[in-house]
Every structure is written in structure tokens, then in C-alpha cells.
Amino acid sequence: MLNFKPKQYLITLNKLQYFTPARNRWKVIAESIGIPNLQDEAAKELADDISYRLKHIIQDAAKFMNHAKRVKLMQSDVDSALKCKNIENRPFRFASGGGRELHFIEEKEVDLNDLLQNLNPKAPLEAALRSHWLVIDGVQPTIPENPPPVAKNVQKLESVDPINKKPISETSGKPTTGKQKLKNVETVQIKQLATHELSVEQQLYYKEITEACVGSDETRRTEALQSLACDPGLHEMLPRMCTFIIEGVRVNVVQNNLALLIYLMRMVKALLDNQSLYLEKYLHELIPAVTTCIVSKQLCMRPELDNHWALRDFASRLMAQICKNFNTSTNNIQTRITRMFTNALQQNDKVPFPSLYGALQGLSELGPEVVRILILPHIKYIGSKIETHLEGNLQSNIDKIASSLIKQLLVKVLAPVLKSLRNPPDNLDEYRQEYGYLGAALHVAVAKARAQPAAVAPAATTCSATGNIATMGTAIARTVATPSAILQQQSSAPGRTIVMNPGSRVPQAQGNQKFVFVQQRAQTSSGQVQTLQQQQQIVKSTRAAKSGANAAETGRGFQPRFRPGAKRHDRQPAAGFRRAKTELHDTAEQPEGTPQCGRFVASSLEVFSQGEEGIYIFPTNLCNLDFHTPCEVTVKWVEAIQTKLPMCIGGAIFGAERLKPKHRKLYTEKYLPWAIKTGKNMDFLLNIYFEKRWEQNVQELCQEINMVPLKLEE
Amino acid sequence: MASGMDKTQLAAVLQLLKKYNLKETEELLKKEANIEDGAPLQSDSEVSSVLTGYKSDGDPASYEASYIELKRFVESSLDIYKHELGTILYPVLVHMYLELVYNGHTEKAIDLMKKFGPEQDTYYQDDLKKLSMVTRRDHMNVNELADTFKSNQFIIRMSRDTLSLLKRHLNDKKASVLLNIVQEHLYFDMYEGVARNKGQIDATSGAVGGEAKRQDNKTKVYYGIPKAQDFQTLSAAPVEDEEEQGDQDNPDKPKKKKAKKDPAFSKKTKSDPNAPPNDRIPVPDLRDNDKHEKVKALREVSKRVALGPESLPSVCCYTLLNANYSVTCAEITEDSSMLAVGFNDSIVKVFTLVPQKLRAMKSVDQLQDVNIEAEDVLARMMDDRSGESSRSLYGHAGPVYSVSFSPDKTLLLSCSEDTTIRLWSIQIWTCLVVYKGHMFPVWDVKFSPLGYYFATASYDRTARLWATDHYSPLRLFAGHFSDVDCIQFHPNSNYIATGSSDRRVCLWDCTTGNHVRLMTGHKSPVQVLAFSVCGRFLASAGTDCKVLVWDLSHGHLVAELTGHEKTIHCLTFSRCGNLLVSGGLDCFLKVWDFTKLTEEASSEEVNVSHNPDVKSGDGYLLRTFATKSSPLISLHFTRRNLLIAVAMFDGVST
């Protein structure tokens, strides 16, 4: 009785819950199988009967669903139910002829092209078994396999109303009488403090993660960021993570420490990616930090060389992500952020170019609509502003780079917008008139965009927006670490700063390299002596290029507010550092016999304040010693004699062990006697307040502290 | 229509005459009604359904009036009787509806249902919805539920006072419609004592056929665990053997150990007054292999962690990946070494959970070379090179709904939608027997704790008891009104519990095949059952997301544990019996304090005729653990009380 329209049954299956027999529907179905005039009466009878039977089948199908331990009804369940009712259910085609009835499964035609292009669906993966600890002695470990200990909505509830936070153990077995009494008396609800106590393990985790995130080891950092992005149990240390990030940004912006800013932004990115965190609570802290990285006037030491633009791009993308994830009608995040960027655009001359670039980038990431409404009206003014820098040659190099980048950016983001905004005949003059200086470039870009197939043009912009930001961040870090190519070209000119980047030569020391600056005077000016003031200049300019944790350490003069880096990491790559220095010794040919020609090596500002390590570098300079092991050991001897500190004595004795035969001879004959003599005669080195003596001549200083320079060439 | 009606009735009368051998009357009637002998006779069941059917001549309009009157009577009665009287409303409504439909007054019937259906208790709504689908007489024939109502009396428990009140009312009013229904279709199970309140009634109502009769739960049940068979002699020899080898330099040690172990055994050796005699059901003798296994298990027992509210279990979760909507069941061996998983696509897969791989037996030629006298002959039989971490068993032709390992881990049973049960060997990895008997999909299969026997539950409303060496079932347990969804052996193997879609839990005696306990209280199909370690309690759970705990000594409902949000599919007791763990499709694992429950239950005065107050609330819930969007399909405690959960990762729903 039922076997004549199974297909129709299946179609109506999903509506069956509230199924009402619509007679017209049955008439239509009847017509489709060749019964033209179905009587109303018959349609009603049919409808009643069929709907009853359908419901019956669905009921049965639900049994099969239940026993398959699902909550979703599937076609196979209906099949089984039909089979139980002894209804021929398989065939979805029915043919009859010659007195025979035939059911068969309709076979689809297979397109060979699909097969060849591998478009057919993949075979399902085989079921696999995986074990993990769901609970250990009644406590659920917070591993990715387990759900987050505190669900997002609970985190939200906690943040909105901390009184809801209940300790788990106190849910049962407490007398309720006292509570009720309280309720009557209590009229004001006191908002309790939400406490987040960190266990020892969590503290360790926090320490490890933060160290790895801003430390020197890139693989470790990747792991740490991965952990931040995936681990479910982070919500308790989230406030601390946020504090770490914002404090880090605050300090490093002041110090123009580009690499660290990038690392911190990557941390923000990882936190944004973590699904189990309720970040809304900390947006008020994170947004200013991210904004800083977009629009700050200066983010690195040498704006003309370092690629701080990449940081701005990256941070802009983060901002766009924040807007996308967290914008609601009540917090209006996007509105507030766009207003902030727009303000920057409207401040006319006061805004420096990098900030302008950041604001534009930040806006453009928020989508074409924002670009159209907020950037387009300012285009003429911006054009005129950058024109002066691009066309005229009186301006500084920095502004010129910034201007050209702004131009590129604007052309890139405006072209698709204009393409949809304006009608095809593009008139160059109209463009000039409307968009001023940028008109010509835009005209070309729009024309190009129109020439491309429609699908490609928008893809280009979205692509850049959604590209792999994490690798972008890595790329930034690399660009910071390897500016040597450009710089070495400059070294040919006498009197210029030579910047050696050991990172490019010692790849495994990546991230730890202390940039070594060699100030070289021309040979003709050999009589002049460099002052510490000049050194300081160099040191200052070095800071920008410094990556890793060292750079974050501040000098004695600075209040060390923030130490994101792991000091332990600094020690470990010391070999790399030394090698770099040795290399410097080998490569930077120093004219012989010019002792007064100061060779100043400064690792970073921190070296002056860091006691042991800093001291030895400074005296090395002072003593006019080279940076190779014998010299360092020599300085150690001086220190050992003066300070009697075990670590200096140890360094002096054991450092000598490492010397090569050639050096050892030199060491025993020349350096050691000198070191002992100097150590005994010289004023106590640690008492010298180096920062007061920046201006002083090195030779003067040497005389003042009773130090006789070592002369090797006799 | 009318003539057709006549014919069926006439046929029924004829049948009756034939039955009583009243030939003359039969002839006479045949002549008068013009029925030839060749006329197709209806089957017996149809005739009986006509005889008990709705031959009402009442005026269709009077139904509504008499229902309203009954309702008014219930509402106006004293508070103590009100609720008990109220239980009559639902069956009366159902029967009125069916009677109207049967007599062709569909409009009236739908009207009645629309008016009074929604005011019935919420747990009846599902059934009412199903019944309201029935709008024509021929629908009733194929409708399981309508059939149940038609051919069975709805059982209502009432106190003597309430019942006399009701009877007086019915006699006064002489409402023929109502009186007819009450007489024909309702059965009052009267008891002495105070009328029950709403909560008490709700706790035990909800099943399709009404509540359980007192008579149903009168038989004595040997729920105790019999003394273990000669464990001393069993364990003594091999244990000492091994320990002598290990500690030859220290001869005192074995004795000491033995002395230490004794208390553990002595607990079991004390004979339980409620335990059945050992020879109550025949059991095959233990083989050497089984003895080894028993000894091993005993040794593990001494290392078991006692669980409780203070020492919660550790849970190891096995998650099935890439198995979204394709896994239907899972089961772990008693010694936690293997996991069998049944799939929608009719495959059974066995995974090993220990480093030891799944090995196959050697080929016949190679087996001939094995020294039969050797101590480790069982190990020698296996082919080491064939080790694999998972093996698939192919044979079924439909979704596999349940799998069960034999206690000796050499056999595996599976049941499927294709109506067959298959016995697989996990030594040679092939199918050994296909048991055919059920006519419809088999929902559940369980091996007896002693091996040899197994029981199945099916869509065909029966449960069957089988022995592995018989092709046909040994016992057939019929009585459920709907599918038997789950089945479980009592730890002493003498009883079988079944849970059904008719929302009743039933305990059957394997030896007699009779039902000895009938327990009502579930509000939707029962999906899983578990016996407590002591054998006295039975936990059941299902689609209504509640775990109910029954006391088998009298068949009372002890506790109702609520908290789950979706169907519960697995229940298990810890090996020490202190904890009950439940898991379901809502991805939650809940740990309940069973010791506290039983202590409180046993301290109460239990009266045979009266249900004690049902315990509920969060007091027994110790902890809830969530999995990451992985519905739980199986739970198992290892011998050392580590909980193993099997879940399938549902990547889509997130």
C-alpha cells in the first residue's frame, strides 16, 4: 500500500512534526504519477491515511536513532523503519511493464571529468581510538582534550557579577538557615572581589610562557604561542597575561624596541585565537596597547631602516580581528576605534607620517565600507601632504619612505573601492581633480583592477587581510634582525657608522645577537680621540636593532620597570655572542699602531649596569683590548684581583683553559703579567661611575684611574 | 460500514459458538446471517479484540459530558483522595477516545482529545500524541499503543477508601459510558492504608500499562550473590606455585600473604541468606583457563582502590575519532584489555587497550606442532606474527546495536538490525554461530557473568535466553507492551532484567521464565540497566534523563537521580559498589554516592504494600565531569577501580 511514492515521503519527513495533510499537495503528487483528476474525497482519505502512516514510520525511525545513540535522525533510520514494516524501501525508482513490477536503485551517471579532477568526495576516515585522562583522582586536568574548566559563559558571568562565583566544594552540606537570615537583612549587594589564585604549576607555566614568548628561541616561542592559542585552562592567568602585554608595550614603545613589540603583538594574536577565553573583560587594556603599536610616532630606533611598517600592519589586522569578534551594539568597539583613527587623519599637520600610515592601515583593515566613508574624503589632503615629500628633495629620508608607503597603501585599498564606486570611463583629469596628487596613481590602479577578472580583484585585498599573520610576525622579526645588507654598503664611506650584523653570519644565534657597532675614524684623523658621548650615541642607536630579551634590560640610569626577558637565556647564547665578537675582530681590519683610535664595543646599554658582564666589556674598551678570549680572560683577571669575587676568579682561571696554543703563548707572556699589574695598581674599577664620564676622553680616564694601556706591538 | 461491522461481530460470535461446541446454534446463526462456510474466518486475536473491543452503543455526545463530570468529581473530592482518584482520568480519556474512533466518530474523538489531552500529566503527553494519530478504525489494528490499551487492562493502584469512594460515585451516576470503560478496561489494585499523595503517585506512574500490581512483586527473589565456588582450592595451588618460585629464599612469605588475603575471601564465603542455591541453574564447569583468570582477578582485587566521596575515581577516556554518527555501541572486557565497537555500517571492530596485540590462532598445520602437554599451551597456540592493534569482524547486514564479550574473553556476541545475533571467536577472528530467532531487529545482547548463557532483547517485544551451544532460545520472556530496549544479567545469573519502551523495568527468572518483578516509574523508554555489586539494587536510566534505583527485594523505587540533560546510555557501579556512574549524550559523566543512598534506604521502614518515599535531589551527586563534545557510549570500571569511558567525538555539533 505504501510502496508507491517513497520519495515523496522522504521529502515531507522533516515537516512531519507538525504535519497537516494539505490536500492540494496530494493532488499535485497524484498528478505527478499520472492520476489527473483526484477526487476531493479521495484526496482527503489518502491524506489522512498517508499522514498517519508517515507519522508511524517516523516514530519507528526514532527508535533506531535512539539505539544508534544519536540525537539526529538519519535516512538509514527511516530505511530500517520501513524495512521493519516490511515495506520495500530501497528503490527510489519504480518501473512497471509487461505485467511485472520492478524496483531498482537509481544509479547516477558518473562524470569522468570529476573523477579525473578528483572532485569526488573523499572516502571517510577510518575510526581511530585516542585515550586521554578525563579525570585524575576526581580532578579534571586542563588539557586540550578536556573542555575548559570554566566555560566561556561562566567566565562572562563571573566578570559581570563576581558574586556568582561559587567555590565548588561548598555547594552541598551547608546549613541554609543562616543564609536565609542574611538575605532578609542584606539590602545592598556587595560586589565581591573575583580572585584568581594561581597554583605553583600555573605560576611556573606563566613564567615559562612569558619567557618563551619574548625570549630568543624562535621554536620555543612558536610552541608557547601555540599553547596560548589552544590551551583551555588559561582564564585564571589571563589578567596577568594582559598586564604583561600592556606593560611590555608601554615600556618597549618608549624604548623603541621593535622586536619585542612584535612578540607582544603575537601574544595578543594567540590570546585572540584561544576559543576558551572570555577576553571581553580585558579589551579595555588590550585595545590601547594594540592601538599604540599601530599609530605610535616611533616604534623603532631607526625609522628609516627598520620595518616597523610590518608591525603596524600586523597590529591593524589584530585590531580588525578584535572588532570582528567583539563588536556589539552595546560596546560599539568598531565605532570607537574608527573614530580614534579618523581623529588622527583630521589632525592635519600635527600628525607625523608613521602615525598617519598606521591610522590609514588600521582603517583600511576594517573593510571597504570604512575605507569609502572615512578615507576617501581625506584623500586629497593626504595627497598634497605626501606630495611635498615625494616630489621635493628637501625633506628627510624618513618622511619620504613613509610617504611612498602611504601612497602604496592608499592606492591598494582605494582601487577596489573606486572601481565599484565609479563608472567605467575613467577620466584621468577627473581623478586628478577629485583626488589631487594621488589621482594619477589611482587612475592607473583602477584601470588595472578593471582589466583583471572580477573574481581576482577583491580576492587580492582579502588575501592580504587574512594571510597568515603569525608567519608575518616571524617575518618581521627576521627583517629586523637582518638589516646588514643595506648597511654594509654604507660602510665603504669613511667616517660612517659600520654596523655589523653577526646574525647573518651566525644563524644559530638568531635572536640573541648583540649588535656590534664599530665606530671607525678615518685614518687621517688619527689624532682625534673619541669621547664617551659619541659612544653613547651609538649605543642609543643600537638599541633599536637589538632583539631578544637583552634589549629590554635598561641601563642603570633607567628605572628597570619591565623585564620580560629571561635572563637565563642570555647566558646560554654567550658563545654566539663571543663568536660574533671574534669575527668582528677578524673582519674589521684595524690599522696597526693606532692605540688612541678607540675601538668601542658596546653590547647594549645594559652592559653598564649588569655588573659582571657589563663591567668586563667596559674595561675591555677602556683597556683597549680586543674581543677575543685571551683579552676577556685578561679582563677577568683584573676584575678577579680587584673584586675577589668567586665568579671572576673562576672565569679567569677556567677561561684560560679554553685558549688555543697560539693565544696561550700570548696570554702567558703579555696579558697575564699586565693584568696582574694593572689589577693591583688601578683604582677600584667598580667605583667608577661610568655614566658620569660619557663626555670624558678615554685616555684621560685611563690616566685618572692609574691604568697603563697594554701595548702588544713592540 | 455497518454491515462490515456486523460481519466481524458475527464471525466472532460464530467463533465463540464453535469454541464451546454449540453446533446447532452455530448452524442456525449461519443460516440466519447468510454466511457461507467458505467465508474467511478471522484469526483468533482479531476475534478476541472484537470481543473485548469497543462495542459501545453510547451516544457520542455523552462522552464529553461524562468525562467532565468525572473530572468534576475528582476535583471536588477530599484532598487526600484527590490525587489517587485523578489517576483514573488518563485511562478513561484514552479509552473514550479509542471508543469514539472505533465507532467512527472521529470528529468527536479529536475534539475530546484536543480539549482534555493537554491537561493530563506531562509524562503522558507523548503517548497522547501517538494516540491522537489514530483517527480511523483500521489504524487501530496496526497501532501498537492502541492495541495495548485495547487488549490489556490499565492498572491503577488505589487505597481501599479511595476505591469505595469511586465505586459509590459510579453507582450513583450510572453513567453507562464511564461504567463500561471502568469495568472493561481498568483494573484496580486495592491496598490497605492511606491514600498516596501526588509525589508518590508520580514516582511510579508513567508506564504504558499503568502501575505494577502488588501481585507482580510478591515472589521471592534470590538477589544475593552465592558463595564463590571453592576459591580457596582454586586460588591456592597456582598462587603458591608462583610465589614459591619468586620467594624461595623467604619461605615465610607465602603463608603470610595467604593469611592476609583470607579476610577478603571470608567475606564471600559467608553464605548470603538471599543467595540462590548454587545448582539453581546449570552451569558448565570451569576450565583451567577460567581458573587462571579468576585467580588473576582475585589478585587484582587486593590492589583495588576503595572509592568513595573522599577518594573519587580517575577516568581514562577513550575517544573514537572520525566516527561521528557511525558508532552505535561499545563494550570493554572484564579485565579491560579489549574494546569492541559496533558500527552503523554493520562492522564490529575490536581494539586492544593493552600493549599486547590482538593475535590470531596458528594455522592447523602449525597447531599440530604445538606441545599439548606444555604449561603455556594457550600462549603457544597463538601466532605472534599476526598481532594487530585492531581487528574488524564482518558479517552483519545492518547496524550493530550491541556487543558483549564472554567472561573468558574468547568469544564475542553482537546483535544487529538484521535480526540475527552472531557469535565470534576472538581467537580465530571469525564468526562461529549465527543465532536466528528474533523476527525483528535485536537491540541488546549480554553474556551471562558465568559465560555459556546469553540474553537478547528485541524490537519484537520479547527478550530471550540462549545458550551458546543451542540454536534456539531456551526461554522466551514475553510481556512487555513495546520494544525491549535493554537487558542485563543479574550478577548471580539467575535473573534477567529488561527495560522497555513501555517504560517498565522487568525482572525475569531464568529457571521458570516468569516475571518476578515489575517496576514502573520511568517516563520514557529505558535504555540502560545496571545491577549493584551486592545484587540487591538495580539502576535504570533512559530517554527521560533520570537514573532510577530500585530495590529488588520488594520492587520498590528507592531513588530518582536527576541531572542529565539528554538520554543516558551508560551506567556502571564501581567494583567496590560505592559509586554509581552515569553518562549520556549530553557529554556529562556524573558520579553518584551509592553508599549513602543504600544506607539511607536500608534505615527506613519498608512496607510491602507501600512504596517508601523516593529519594531525589543533588545530595547524592558527587561530581560532574564534562567531555569535550563527545557523547559517552560506554563506561567500565577496571578491576582496580579505574573508570574507563568510551566516547565518540562529535565534531559537527560544536
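Everything numeric here is computed off the predicted structure, so don't read it as measured data. All residue numbers here refer to positions counted from 1 along the written sequence of the relevant chain. Key to labels: chains lettered from A, ligands numbered from 1, both in the order written. This being a predicted model, a pLDDT of at least 70 is required before a residue's local features are given, and a value of 80 or more before pairs of side-chain atoms are given or counted; all residues contribute to the totals for chains, interfaces and linings. Think of the side-chain values as coming from all heavy atoms in the structure, minus any hydrogens and water.

**Focus on the overall build of chain A**
- Summing up its helical and strand segments, chain A has 32 helices and 5 strands in all.
- Contact criterion: two residues are considered in contact whenever any of their non-hydrogen atoms come within 4.5 Å of each other. Of the contacts formed within chain A by residues at least 6 apart in sequence, a portion of 66% connects residues at least 24 apart.
- All accessibility values rest on the Shrake-Rupley procedure with a 1.4 Å probe; residue burial counts only the protein chains present in the view. Surface summary for chain A: the accessible area is close to 37700 Å², and the carbon and sulfur share equals 54%. The numbering of helices and of strands both runs from the N terminus, where a helix is a DSSP run of H or I of at least 4 residues and a strand a run of E of at least 2.

**A short note on the sheet that holds strand β30 (residues 621–626) of chain B**
Residue and element names in this part refer to chain B.
- One open sheet holds the 4 strands; their spatial order is β26-β27-β28-β30, and the pairing between them is antiparallel. Unpaired on one side and paired on the other, β26 (568–573) and β30 mark the two borders of the sheet. Strand-to-strand, the axes of this sheet are offset by a mean angle of 15 degrees, without reference to chain direction.
- The sheet contact formed by strand β27 (residues 579–584) and strand β28 (residues 588–593) spans 5 bridges and is antiparallel. Bridge pairing links valine 581 to valine 591 in β28. Only when DSSP finds a minimum of two bridges between them are two strands counted as paired. Between N-to-C directions, angles cover 0 to 180 degrees, with each direction set by a line fitted to C-alpha atoms, over the stretch in contact for helices.

**Remarks on the interface of chain B and chain A**
- The interface of chain B with chain A comprises 56 residues on the first partner and 43 residues on the second.
- Taking both partners together, chain B and chain A bury about 4500 Å²; carbon and sulfur atoms supply 58% of that area.
- Among the residues chain B hides against chain A, the three largest losses belong to Met133, Tyr325 and Lys628 of chain B. Together they make up 14% of the total.
- One side-chain nitrogen of Lys or Arg within 4 Å of one carboxyl oxygen of Asp or Glu is enough to make a salt bridge. Inspection of the region where chain B meets chain A yields 4 salt bridges. Once two parts are brought into contact, the accessible area they lose, counted with a 1.4 Å probe and summed over both, makes up the buried area.

**Digging into the nonpolar core**
- Core analysis: the largest hydrophobic core is formed by 93 residues, its most contacted members being Leu228 and Met265 of chain A.
- Ranked by residue count, the leading element in this core is helix α11 (residues 258–273) of chain A, at 13 residues.
- Once you skip the residues sitting within four places of it in the chain, leucine 228 of chain A turns out to touch Tyr205, Ile209, Cys213, Leu234, Met241, Met267, Ala270, Leu271 and Asn274 of chain A.
- Residues belong to a common nonpolar core when they are buried Ala, Val, Leu, Ile, Met, Phe, Trp, Tyr or Cys residues joined through side-chain atoms within 4.5 Å. Partly exposed describes any residue whose relative accessible area lies between the buried limit of under 20% and the exposed limit of over 50%, with all areas from a 1.4 Å probe on protein chains only and scaled to the type maximum. Among the nonpolar cores identified, the runner-up in size contains 49 residues, and Val92, Val94, Leu112 and Leu145 of chain B belong to it.

**Topic: the pattern of salt bridges**
Residues and elements named next belong to chain A.
- Scanning all chains against the criterion turns up 42 salt bridges over all chains.
- A salt bridge links arginine 220 to glutamate 208; the nearest nitrogen and oxygen atoms lie 3.4 Å apart. Placement of arginine 220 in helix α9 (residues 218–230) and of glutamate 208 in helix α8 (residues 200–214) is noted, with a sequence separation of 12 residues between them.
- Across the salt bridge formed by arginine 250 and glutamate 247, the nearest N and O atoms sit 2.8 Å from each other. In this pair, arginine 250 and glutamate 247 are both assigned in helix α10 (residues 238–254), 3 residues apart and thus about one turn of the helix distant.
- Arginine 250 gets classed as partly exposed once you look at its relative accessible area, which sits at 45%.
- Overall, the relative accessible area of 26% leaves glutamate 247 in the partly exposed class.

**Some remarks on the sheet that holds strand β15 (residues 453–458) of chain B**
Residue and element names in this part refer to chain B.
- Judged by pairing direction, the sheet is antiparallel, and its 4 strands sit side by side in the order β14-β15-β16-β17 without closing on themselves. Either end of the sheet is taken by a strand with one partner, and the two such strands are β14 (442–447) and β17 (475–478). Adjacent strand axes in the sheet meet at a mean angle of 15 degrees when their direction is disregarded.
- Pairing between β14 and β15: 5 bridges, direction antiparallel.

**Observations regarding the packing of aromatic side chains**
- In this scheme Phe, Tyr and Trp rings, the latter by its six-membered ring, pair at centre separations within 6.5 Å, and the angle between planes marks the pair as stacked below 30 degrees, edge-to-face above 60, and tilted otherwise. Counting across every chain of the model gives 22 aromatic pairs over all chains.
- The interplanar angle of 70 degrees and the centroid separation of 5.1 Å between the aromatic rings of phenylalanine 64 of chain A and tryptophan 443 of chain B together place this pair among those described as edge-to-face. A residue pair is termed interchain when its members come from two chains, as with phenylalanine 64 of chain A in helix α3 (residues 40–67) and tryptophan 443 of chain B in strand β14. Here the two residues phenylalanine 64 of chain A and tryptophan 443 of chain B agree in accessibility, since each one is buried.
- An angle of 50 degrees between the planes, with centres 4.5 Å apart, marks the rings of tyrosine 67 of chain B and phenylalanine 116 of chain B as tilted.

**Details of the UniProt feature "repeat: WD" (unreviewed entry) in chain B**
All names here are of chain B.
- Mapped onto this numbering, the UniProt entry gives "repeat: WD" (unreviewed entry) at residues 393–427, 435–466, 477–518, 519–560 and 561–602.
- The straight-line gap between the two end C-alpha atoms of residues 393–427 is 12 Å; of that span, 0% is helix and 54% is strand.
- End C-alpha atoms of residues 435–466 are separated by 9 Å, and the span's content is 0% helix alongside 59% strand. UniProt positions are given in the numbering used here, feature names are shortened, and annotations may be inferred rather than shown by experiment.

**Structural notes on the pairing of strand β18 (residues 484–489) of chain B**
All names here are of chain B.
- Taking burial as the measure, the 6 residues of β18 include 6 buried ones, the bulk of the element.
- Pairing of β18 with strand β19 (residues 495–500), which is carried by 5 bridges, proceeds in the antiparallel orientation. Opposite isoleucine 487, over in β19, you have threonine 498 as the bridge partner.

**Some words on the packing of helix α4 (residues 60–76) of chain B against helix α5 (residues 79–86) of chain B**
Residue and element names in this part refer to chain B.
- The geometry of α4 relative to α5 is characterised by a closest axis approach of 7 Å and an angle of 145 degrees between their N-to-C directions. In this structure, α4 uses Phe73, Val74 and Glu75 to contact α5, whose residues at the interface are Lys82, Leu85 and Gly86.
- Basically, the charged four are Asp, Glu, Lys and Arg, the nonpolar ten are Ala, Val, Leu, Ile, Met, Phe, Trp, Tyr, Cys and Pro, and anything else, Gly included, counts as polar. When the residues that make up the contact of α4 with α5 are grouped by side-chain class, the tally is 3 nonpolar, 1 polar and 2 charged.

**Quick word on the pairing of strand β1 (residues 154–159) of chain B**
All names here are of chain B.
- For β1, the buried fraction is high: 6 of the 6 residues fall into the buried class.
- Burial of the side chains of β1 extends over both faces: Phe154, Ile156 and Met158 are buried on one face and Ile155, Arg157 and Ser159 on the other.
- As judged from the 6 bridges shared by β1 and strand β2 (residues 186–191), these two strands associate in the parallel manner. By the bridge assignment for β2, isoleucine 156 is matched with phenylalanine 188.

**Regarding the packing of α3 of chain A against helix α4 (residues 75–84) of chain A**
Residue and element names in this part refer to chain A.
- At a closest axis distance of 8 Å, the pairing of α3 and α4 adopts a crossing angle of 120 degrees. The element α3 and its partner α4 pack so that their crossing is right-handed. Residues Ile57, Asp60, Ala61, Phe64 and Met65 of α3 pack against Asp77, Val78, Ser80, Ala81, Leu82 and Cys84 of α4.
- For the contact of α3 with α4, the per-class residue count stands at 8 nonpolar, 1 polar and 2 charged. Two helices cross in a left-handed way if the nearer one is turned anticlockwise from the farther one by less than a right angle. They cross in a right-handed way if the turn is clockwise.

**With respect to unusual backbone geometry**
Residue and element names in this part refer to chain B.
- Unusually for a residue other than glycine, arginine 503 sits at a positive phi of about 70 degrees.
- Within the secondary structure, arginine 503 sits in the loop between β19 and β20 (504–509).
- Unlike most non-glycine residues, asparagine 641 shows phi in positive territory, near 70 degrees.
- Of note, asparagine 641 is situated in the loop between β31 (632–637) and β32 (643–648).
- For asparagine 641, a relative accessible area of 3% puts it in the buried group.

**A look at the confidence of the model for chain B**
All names here are of chain B.
- Of all residues in chain B, 86% have pLDDT values of 70 or greater, and the mean over the chain is 81.
- Predicted confidence for residues 38–45 stays below pLDDT 50, and this span has 7 contacts to residues more than four positions away or in other chains.
- On a range of 0 to 100, pLDDT expresses the predictor's confidence in each residue. Segment residues 231–269 is flagged for pLDDT under 50; beyond a separation of four residues in sequence, or across chains, it makes 25 contacts in the model.

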